[in-house]
Amino acid sequence: QKLRAGLIPQVTEGRRWLLIDAKKEVLGRLASKLAIVLMGKDKPTYSPNKDEGDICVVINAKHITYTGGWKLKNKVYYWHTGYIGHLKQIKLNHMIERDPTLPLRKAVFRMMPRNRLHRRRMLKLRVFADERHPFDDKPLVPWTMPPRNIRKPRIYVPRSIKLARRKLAEREAAAAAAAAESEGDGGTAQEGVDRPQ
Amino acid sequence: VLELAKGFRGKKVHRIARDRVAKALEHSYRDRRRKKRDFHKLWITRIGAAARLHGLGYSEFMHGLNRQKVELNRQLLANMAILDPDSFKSLADSVSSLPPLKVSLLMPFFLFF
């Protein structure tokens, strides 16, 4: 919808410069949020034909975490040069040696829609391996990832062990109840045993 | 037909223009329907972004509005989010101050049989 000319709302601040510290961030999760920010989709003034996302300066790219034990050695990036038979590949560890900013940049590049704004949006992403960046004169606002629910792993406990634990708990509860009775209290609290779900 | 072909790139000869104009009319027919979908999508994206600025997601926000029987449409909500962020904020606050729904766990088991 068109914004009426003359009414300049406060939400359109124009482009902000965001400083993002990538230390200990997981690659893909950071990349997806970066793609959203670069496209401008977190602003209510989003338009798909305008390039209004914020400029993201990412530092400490070489300290990004890659989860999964296999990725550093076995994740392969493929590309084809156009000549027959020239399907090239490079593994993640080699890619990090060559240029530690490349995995993040490729990840963000591939998470954004492939249209005419694709490259312009990528130009707003500047990734640096270290803490140093040449944008000290710009008004950089630090930006953190939105909080993330890290699921607790479901540990499979065999039924026999569960039963044994429950019996132990019952015995301890009975012992505690017996100890309480021997002290001469009036009423004992009856604890119902809950089935673990 | 040649009048309808104004603005076309190079196809101003009657023979060629005939086909191109037919295509253009097809497109416009189809896109008049698509336009409604596209704008709906855009409004939803904008409302979602604005709701996230207030700590809610689009789904939570709309659910809360539905619970309160607020029947504002998305076009209005999206414009409100841009031009009148204070009233949008009050809507978002009313949603986040709603008590959570209690979901009874017993009912679904009976419904499955």
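Keep in mind the model is a prediction, meaning the values are calculated, not measured. Sequence order sets the numbering: in each chain, residues are counted from 1 along the sequence as written. Each chain gets a letter, beginning with A, and each ligand a number, beginning with 1, in the order they are written. The predicted nature of this model means local features are confined to residues of pLDDT at least 70 and side-chain atom pairs, given and counted, to a pLDDT of 80 or more, with totals for whole chains, interfaces and linings taken over all residues. To get the side-chain values, all heavy atoms of the structure are used, and hydrogens and water are removed first.

K.L.:
I keep staring at a positive patch on the surface and nothing clicks. Help me out?
P.N.:
Only residues whose relative accessible area exceeds 30% and that form no salt bridge are eligible for patches; like-charged ones are grouped when within 9 Å, while nonpolar side chains (Val, Leu, Ile, Met, Phe, Trp, Tyr) are grouped when within 5 Å. Only the protein chains shown count as cover for residues, with accessible areas throughout obtained via the Shrake-Rupley method and a probe of 1.4 Å. Between Lys or Arg on one side and Asp or Glu on the other, a salt bridge is scored when a side-chain nitrogen of the former is within 4 Å of a carboxyl oxygen of the latter. Here the positive residues are Lys and Arg and the negative ones are Asp and Glu; neither His nor the chain ends is included. Where a charge lies is defined by one atom per residue type, namely NZ (Lys), CZ (Arg), CG (Asp) and CD (Glu). Residues Arg29(A), Lys33(A), Arg148(A), Arg151(A) and Arg52(B) make up a contiguous surface patch of positive charge. Put simply, DSSP H or I for four residues or longer makes a helix, DSSP E for two residues or longer makes a strand, and each gets a number counted from the N terminus. For Arg148(A), the location among the structural elements is in the loop between β6 (140–142) and α6 (159–182). The cut-offs for exposure are 20% and 50% of the maximum accessible area for each residue type, with area from a 1.4 Å probe on protein chains only; residues under the lower value are buried, those over the upper are exposed, and the others partly exposed. Arg148(A) sits in the partly exposed class, given a relative accessible area of 41%.

K.L.:
Honestly, the environment of Pro99(B) in this entry has me stumped. Any pointers?
P.N.:
Within the secondary structure layout, Pro99(B) lies in the loop between α4 (85–96) and α5 (107–111). For the pair Pro99(B) and Gly64(B), spaced 35 residues apart in sequence, the C-alpha to C-alpha distance is 9.8 Å.

K.L.:
Before we go on, may I ask you to explain the sheet that holds strand β2 (residues 55–59) of chain A in this structure?
P.N.:
Paired through backbone hydrogen bonds, the strands of a sheet run either parallel or antiparallel to each other. Residues and elements named next belong to chain A. Reading across from one edge, β5-β2-β1-β6 is the order of the 4 strands in this open sheet, with parallel pairing throughout. The two strands at the open ends of the sheet, each matched to only one other strand, are β5 (125–127) and β6. If you compare each strand with its neighbour and ignore which way they point, the axes differ by 25° on average. Pairing between strands is defined by DSSP: at least two bridges between them are needed. Sheet topology note: the strand β1 (residues 17–21)/β6 ladder contains 3 bridges and is parallel. Looking at the pairing, Trp17 lines up with Leu140 of β6. Relative to the sheet, helix α1 (residues 27–39) contacts β1, β2 and β5, its axis offset from that of β2 by approximately 155°. Fitted lines through C-alpha atoms serve as axes, helices being fitted only where they are in contact, and the angles separating the N-to-C directions of these axes extend from 0 to 180 degrees. In what follows, a contact means two residues having at least one pair of non-hydrogen atoms within 4.5 Å.

K.L.:
Can you help me understand the packing of α1(A) against helix α4 (residues 102–111) of chain A in this one?
P.N.:
Any two packed helices are characterised by how steeply their axes cross, that is the angle between the axes, and by the distance between the axes. All names here are of chain A. Two numbers describe how α1 lies on α4: the axes approach to 8 Å, and their chain directions differ by 55°. When the interaxial angle is binned, α1 and α4 end up oblique. In this structure, α1 meets α4 at a crossing whose hand is right-handed. Mapping the contact onto sequence places Leu27, Gly28, Leu30, Ala31, Ser32, Leu34, Ala35 and Leu38 in α1 and Pro103, Leu104, Ala107, Val108 and Met111 in α4. When residue character is reported, Ala, Val, Leu, Ile, Met, Phe, Trp, Tyr, Cys and Pro are called nonpolar, Asp, Glu, Lys and Arg charged, and the others, Gly included, polar. Taken together, the residues that form the contact of α1 with α4 break down as 11 nonpolar, 2 polar and no charged. Any angle between 65 and 115 degrees counts as roughly perpendicular, while under 35 counts as roughly parallel, over 145 as roughly antiparallel, and the rest as oblique. Two helices crossing with the near one rotated counterclockwise from the far one by less than a right angle form a left-handed crossing, whereas a clockwise rotation gives a right-handed crossing.

K.L.:
Honestly, the confidence of the model for chain B in this entry has me stumped. Any pointers?
P.N.:
Segments scoring low in pLDDT should not have their predicted coordinates read at a detailed level. For every residue, the predictor assigns a confidence score, pLDDT, that lies between 0 and 100. In the predicted model, chain B carries a mean pLDDT of 81, and 88% of its residues have values of at least 70. Across the interfaces of the predicted complex, the ipTM metric reaches 0.71, alongside a pTM of 0.69.

K.L.:
Help me understand the side chain of Lys124(A), please; the structure alone is not making it clear to me.
P.N.:
With respect to the helices and strands, Lys124(A) occurs in the loop between α5 (118–123) and β5. Among residues more than four places away in sequence, those in contact with Lys124(A) are Arg15(A), Leu38(A), Asp51(A), Glu52(A), Gly53(A), Asp54(A), Ile55(A) and Cys56(A).

K.L.:
Before we go on, may I ask you to explain the packing of helix α1 (residues 14–53) of chain B against helix α2 (residues 58–67) of chain B in this structure?
P.N.:
All names here are of chain B. Where α1 meets α2, the closest approach of the two axes is 8 Å, and the angle between their N-to-C directions is 95°. What the angle tells us is that α1 and α2 run roughly perpendicular. Residues Ile44, Ile47, Gly48, Ala51 and Arg52 of α1 form the contact with α2, whose own contacting residues are Tyr58, Phe61 and Met62. For the contact of α1 with α2, the residue count by class is 6 nonpolar, 1 polar and 1 charged.

K.L.:
Which parts of the structure should I look at to understand the pairing of strand β4 (residues 87–91) of chain A?
P.N.:
On a regular strand, each side chain points to the face opposite its neighbour's, so the side chains alternate between the two faces of the sheet. Residues and elements named next belong to chain A. Across 5 bridges, strand β3 (residues 76–80) lies against β4 in antiparallel orientation. Note that in β4 the partner of Tyr78 across the bridge is Gln89. Counted between consecutive antiparallel strands, the loop separating β3 from β4 contains 6 residues, among which Gly82 sits at a positive phi close to 105°.

K.L.:
Just checking my understanding: could you explain the packing of aromatic side chains for this structure?
P.N.:
Think of a pair of aromatic rings as described by two things: how far the centres are apart, and how the planes are tilted against each other in angle. Between 30 and 60 degrees the pair is tilted, below 30 it is stacked and above 60 it is edge-to-face, where a pair is any two Phe, Tyr or Trp rings, Trp via its six-membered ring, whose centres lie within 6.5 Å. The tally for this structure, following the rule as stated, stands at 4 aromatic pairs over all chains. Ring centres of Phe61(B) and Phe88(B) lie 5.0 Å apart, and the angle between their planes is 35°; this geometry places the pair in the tilted category. Remark: Phe88(B) occurs in helix α4 and Phe61(B) occurs in helix α2; sequence separation between them is 27 residues. Judged by its relative accessible area of 0%, Phe61(B) is buried. Residue Phe88(B) is classed as buried on the basis of its relative accessible area, which comes to 1%. Any Lys NZ or Arg CZ found within 6 Å of a ring centre and within 35 degrees of that ring's normal is scored as a charge over the ring. In this arrangement the basic side chain of Lys75(A) is found over the ring face of Tyr77(A), its NZ or CZ atom lying 5.0 Å from the centre. Taking the ring centre of Tyr29(B) as reference, the NZ or CZ of Arg33(B) above it sits at 3.8 Å.

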